[in-house]
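A closer look at the structure
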Amino acid sequence: MKKLALIAALLLGATSTAVAQNITNQDYGLPELHVIKTVALAPTYSCRSQEEFQKGYQGTALFLSDYSRRRNSPELLFNGACRSADYFEALGAGFDMSLIVDLGAELQLENLTAQDVFHIYYQRSSLTSPDTKQTPSALRQDVKVVPDHTYAVFLNKSEIRGLLVFTVTKHIPSQQVELKYAVKDYQIIDVRAQSSGFNWEQTNSAAQTNPLVEKTQSKKQN
């Protein structure tokens, strides 16, 4: 259980980072929690004409709040090239690092709690027996669209943290996907400070100095 709690804390972020100000649905159009809604996304984002591309996401993406819509930063994208496999994408651009996981079939969205999501993910990601012939659930930026499967999106954006769960109820390849979904957590957070220089393709180099080591050595000498 300690490992499960640690995973949950790392993926959703500490609640103490939430904005201390009084944030209301009226201000940001925040989603209602634990309520099942339905949506149809169509067509896939990459199977559109050039003219449609110029109009933005249109009906290909799910926005959970007015705030994310104003930022043009959807929580979920229905994607896939024409006549290719369709997939869901948890967009990762700028400082956004959202991830998505396929939790499999035979799950009832009505009875799914946030705790269940982490428990199921932990169980299925730990499958190692070759006898199961099952691929362990993995956190990814995109996963294949599979009818009747339930998914979880761990929202991890520069100003948004949350948890979205949804089930695919109907899928027409390259054309449309129908979902029923519920938001389990949604926070607009206050970034107090941030190290500069983030880059998705930046490699690492040796530090010129190590303040922690130098401080320890100084204490020993004294």
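These lines cover the structure that appears in this document, whether it is placed above or below. Just so it is clear, the model here is predicted, and its values are computed rather than measured.

Regarding its fold elements, the protein chain presents 6 helices and 9 strands. For the protein chain, the proportion of its 222 residues judged to be buried stands at 36%. Nonlocal contacts in the protein chain, meaning residues at least 24 apart in sequence, comprise 65% of its contacts between residues at least 6 apart. As presented, the protein chain carries roughly 13700 Å² of accessible surface, and 48% of it is formed by carbon and sulfur atoms.

Spatial ordering of the open sheet is given by β1-β9-β8-β7-β5, a layout of 5 strands whose pairing is antiparallel. Every other strand in the sheet has two partners, leaving β1 (37-41) and β5 (99-104) as the edge strands with one partner each. When the angles between neighbouring strand axes are averaged without regard to direction, this sheet yields 30 degrees. Here β5 runs beside strand β7 (residues 150-156); their pairing, made up of 5 bridges, is antiparallel. Considered in β7, the bridge of Ile-100 is made with Val-153.

Turning next to the packing of aromatic side chains. A full pass over the atoms with the stated rule returns 10 aromatic pairs. Ring centres 5.0 Å apart and planes at 75 degrees place the aromatic pair Phe-88 and Phe-166 in the edge-to-face group. In this pair, Phe-88 is assigned in strand β4 (residues 87-89) and Phe-166 in strand β8 (residues 160-172), connecting sequence segments 78 residues apart. A ring pair is formed by Phe-118 and Phe-154, whose centres lie 5.4 Å apart and whose planes are at 35 degrees; its orientation type is tilted. With Phe-118 in helix α5 (residues 114-125) and Phe-154 in strand β7, this pair connects stretches of sequence that are 36 residues apart. Phe-154 matches Phe-118 in its accessibility class, with the two residues each being buried.

Right, let's talk about the layout of surface pockets for a bit. In this model, the second largest pocket occupies a volume close to 170 Å³. For the second largest pocket, the lining is made up of 10 residues, of which Ser-158, Arg-161, Ile-189, Val-191 and Gln-194 are closest to its centre. Tallied by class, the residues present in the lining of the second largest pocket amount to 3 nonpolar, 4 polar and 3 charged.

Attention now goes to the nonpolar core. By size, the foremost hydrophobic cluster in this structure holds 25 residues, and its most contacted members are Phe-88, Ile-100 and Phe-166. Where this core is concerned, the elements lending two or more residues are β3 (76-79), β7, β8 and β9 (176-188). The dominant element in this core, judged by the number of residues it contributes, is β9, at 6 residues. Setting aside anything within four residues of it in sequence, one finds Phe-166 in contact with Leu-76, Phe-88, Ile-100, Leu-109, His-149, Thr-150, Tyr-151, Val-153, Leu-179, Lys-180 and Tyr-181. Counting residues in each nonpolar core, the second largest holds 13 residues, with Val-117, Phe-118, Ala-152 and Ala-182 among its members.

Reading guide: rules and limits
- All residue numbers refer to position in the chain's written sequence, counted from 1.
- Side-chain atom pairs in this predicted model are given and counted only at pLDDT of 80 or more, local residue features only at pLDDT of at least 70, and totals for whole chains, interfaces and linings cover all residues.
- Hydrogens and waters are ignored; side-chain quantities use all the structure's heavy atoms.
- Think of it this way: any DSSP run of H or I at least four residues long counts as a helix, any run of E at least two long counts as a strand, and we number them from the N terminus.
- The buried label goes to any residue with under 20% of its type's maximum accessible area, the exposed label to any with over 50%, and the partly exposed label to all in between, with areas taken from a 1.4 Å probe on protein chains only.
- Contact between two residues is taken to exist if any of their heavy atoms lie within 4.5 Å; hydrogens are not considered.
- Shrake-Rupley sampling with a 1.4 Å probe provides the accessible areas, and residues are treated as covered by the protein chains on show and by no other component.
- Pairing between strands requires that DSSP locate at least two bridges from one strand to the other.
- Axis lines are fitted to C-alpha atoms, over the contacting stretch for helices. Their N-to-C directions set the angle, which ranges from 0 to 180 degrees.
- Stacked, edge-to-face and tilted labels apply to pairs of Phe, Tyr and Trp rings (six-membered ring for Trp) whose centres lie within 6.5 Å, assigned for plane angles under 30 degrees, over 60, and everything in between, in that order.
- In this analysis the probe radius is 1.4 Å and the grid spacing 1 Å, with only protein atoms considered; a cavity is a set of points the probe fits into but cannot get out of, a pocket is an open set with protein on both sides within 12 Å along at least five of seven lines, and lining residues have an atom within 4 Å of a point.
- Grid points are joined across faces, edges and corners, and a volume is the space filled by probe spheres set on the points.
- As a working rule, the residues Ala, Val, Leu, Ile, Met, Phe, Trp, Tyr, Cys and Pro are called nonpolar, Asp, Glu, Lys and Arg charged, and the rest polar, with Gly in that last group.
- Only buried Ala, Val, Leu, Ile, Met, Phe, Trp, Tyr and Cys residues count toward a nonpolar core, and they belong to the same one when joined by side-chain atoms within 4.5 Å.

Function-wise, these values are silent; they only describe arrangement.
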